[in-house]
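# An overview of the molecular structure
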Amino acid sequence: MRDILDTLARWKASGAKVATATVVSTERSAPRDPGAMLAVSESGDVAGSVTGGCVEPAVFEEAREVLAGGGARLRTYGIADEEAFEVGLPCGGTVHIFVDAMDPATIDPLAKAIEEERPVARVVPVSGPNAGAERLVFADEEAGDEIGRTAQELLAAGETAVVRVGDDEVFVDSFAPRPNMYVFGAVDHAAAVAEIGRFLGYRVTVCDARAKFVTTERFPEADELVVEWPDRFLERSPVDERTAICVLTHDHKFDIPALKAALETNAGYIGAMGSRRTTEQRRELLRAEGVSDEELARIHAPIGLRIGARTPQEVAVSVAAQLIEVLRAPKESRAEAVTP
Amino acid sequence: MNVLVEAGRLTAEGRPFALATVVDVERPASARRGDHAIVTPEGALHGWVGGACTESTVVREGLLALADGESRVVRVEGGCASEGTIELLVEPRLPTPLVSVVGDSPAARTLVELAQTLGWRVAEQLESQADAVVIASMGQGDEEALQAALAGGAGYVGLVASSKRGSAVLAELRTRGLDEEALARVRCPAGLDLGPSSQEEIAVAILAELVAWRHTKPVSPGQLVEPVVAIDPVCGMTVTIAGATETAVHGGVTYYFCGSGCRRRFEEGAERYLEATS
């Protein structure tokens, strides 16, 4: 939905009513993840998408009915393989899509929270006594009731789903803050890695102790530039399982303390650049500092998948591919999802 | 004309050329270390790397570099009475690969965006001279697009689809008469298997596969430049290859001459005319 926030804000400013269709869950392969959104304005303008374009016409019609006062609805588009050619998903998957009229009052606070990286969920009871009572739930505010607590739980897991809460079926659309990517070493490769990191939805920080290299001219894509020793920066910065740490200086003076600090966190990905020889020397130095082999195994070095990358941009692609491979492990759902 | 500015212009236009750089000189020589010249596929030389004495050798090596995609170090010894020895690095500067992304889908648009960050040339429709074709039409005419892509010379042909859907598309092409050899060229699903699911992740997986594919084939045949002219090794004149009658084969290489006189002199002692380079 992030991709269409600007459009939603514009439509709201013009006073137009808006219906939104959101991917709630998917089975087998589907072109887009839960949370993907298509919005339709009163005048029939369309923004965003929920699949690769195959079920959009049907979803558009549902949205038009909602705008005409037809009420919120859950729809399932699942295609038998032999029919796949005719109507639906080329991938043969199934998507569950929730269509409702968006409360214009939620758009601005939602956009503001997303902008500020403040965790927020849009919560819409689909059926039951509270049906249609749309609200926003923040991670840092009192939940208030059972629906609020359930929404906070899903938000903490970064999940968008329809769940049962008492007598209600509730659609929870989670907007977790972007995961962090910390790039250490203001080198040419860092600019390319920062750019592709942004592309993959990371909030990218480039950090180097050498002030003259850390400039916005060199790193236009970075969300934040920090002049500090990476190990000190890590001590004061948030790290979780989604965090990616890329150590790119290939200078032991900076790399060794940075990697030691990174290994003390639960970062989901730690990669370090350098030739095989540099990598071997670095391992010895880290061992001498008391780092165990088990800890060393957490470091992806030399960084990136082996695809023969040569230019900084190609190296960045290899790093991004490795990030996806490492961090895209299947996750267990925390709340029991309702299969519509 | 500044040679490097011209080189930048040609690169931006996606046109091939060879860049010659003087890396060493033994006096007396009129060129200096760091001097540059450009050799175009038409055999023209722009820039100064020692004048007429070295020109014919530089043009010849430049054309060879464009034809085989390899850089070379060339040594020109005593090209003229006044000249010492000049050593040059001659590098082919071939256009970056051209990727055709076929389809009007979010997946296609995302891939186009990411491919541009790699500095490759990207076309949003099928181009006959494309080095790589990625079909992301998501069920809207996949078969037709694949058939057209396979008919071209692209070294990489990928289909964005699930493996099940991909098998169905390939089966349909089989019934249309495409042979197994052609079908085996299709990478489906396109991209390294990273277990990706978002548009952005699929785009990264495809680009990673393209980088790996390009690495195994540093230069695709479509990028190389067949020379249209050659340098007469005896007199240094530029000779048009098409329709040339005065030719000689020496050490597996065909040489072209301005006339029968040069050809005869070459045949009497080829080494004499070829020893200027190493």
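Relevant structure appears above.
First, a word on scope: everything that follows refers to the structure included in this document.

Procedures and definitions
Residues numbered from 1 in each chain as written. Chains lettered and ligands numbered in written order. Predicted model: local features only at pLDDT ≥ 70, side-chain atom pairs only at ≥ 80, totals over all residues. Heavy atoms only, no water. Contact = heavy atoms within 4.5 Å. Buried area = accessible area lost by both parts, 1.4 Å probe. Salt bridge = Lys/Arg side-chain N within 4 Å of Asp/Glu carboxyl O. Polar contact = N/O pair within 3.5 Å; in protein donor to acceptor, adjacent residues only side chain to side chain. Helix = DSSP H or I, 4+ residues; strand = E, 2+ residues; numbered from the N terminus. Pairing = 2+ DSSP bridges. Axes fitted to C-alpha atoms, helices over the stretch in contact; angles between N-to-C directions. Phe/Tyr/Trp six-rings, centres within 6.5 Å; stacked < 30°, edge-to-face > 60°. Buried < 20%, exposed > 50% of the residue type's maximum accessible area, 1.4 Å probe, protein only. Lys NZ or Arg CZ within 6 Å of the ring centre and 35° of its normal.

### Remarks on the interface of chain B and chain A
The partner chain A presents 29 residues to the 33 residues of chain B that form the contact. Together, the buried faces of chain B and chain A total about 2600 Å²; carbon and sulfur atoms form 66% of this surface. Linking chain B with chain A are 1 salt bridge. For the salt bridge of Arg214 of chain B with Glu314 of chain A, the shortest nitrogen-to-oxygen distance reads 3.6 Å. On inspection of chain B and its partner chain A, the count reaches 0 residue pairs in polar contact (both at pLDDT 80 or more). Mapped by element, the contributors of at least two residues to the side of chain B that touches chain A are helix 3 (106-117), helix 5 (163-175) and helix 7 (199-216) of chain B. The element best represented in the side of chain B that touches chain A is helix 7 of chain B, accounting for 11 residues.

### A few points about the sheet that holds strand 7 (residues 135-138) of chain A
Residues and elements named next belong to chain A. Across the sheet, which stays open at both edges, the 4 strands sit in the order 7-6-9-8 with antiparallel pairing between neighbours. Every other strand in the sheet has two partners, leaving strand 7 and strand 8 (161-165) as the edge strands with one partner each. Sheet twist, expressed as the mean angle between neighbouring strand axes with direction ignored, is 35 degrees. Two strands pair when backbone bridges link them, and strand 8 and strand 9 (residues 168-175) are joined in this way by 5 bridges, in the antiparallel orientation. Within the sheet, the bridge partner assigned to Val162 lies in strand 9 and is Phe171. Contacts from helix 4 (residues 146-157) reach strand 6 (120-127), strand 7, strand 8 and strand 9, with the element oriented near 60 degrees to strand 7.

### A look at the packing of aromatic side chains
Summed over all chains, the structure comprises 7 aromatic pairs over all chains. Measuring from centroid to centroid gives 5.0 Å for Phe257 of chain B and Phe266 of chain B, while their planes differ by 50 degrees, and the two rings are tilted. Of the two residues examined, Phe257 of chain B and Phe266 of chain B, each falls in the buried class. A connected cluster of aromatic rings, assembled from ring pairs, spans Tyr182, Phe184 and Phe233 of chain A. A cation over an aromatic ring shows up here: Arg118 of chain A above the ring of Phe138 of chain A, its NZ or CZ 3.9 Å from the ring centre.

Functional significance is not addressed by these values, which are geometric in nature.
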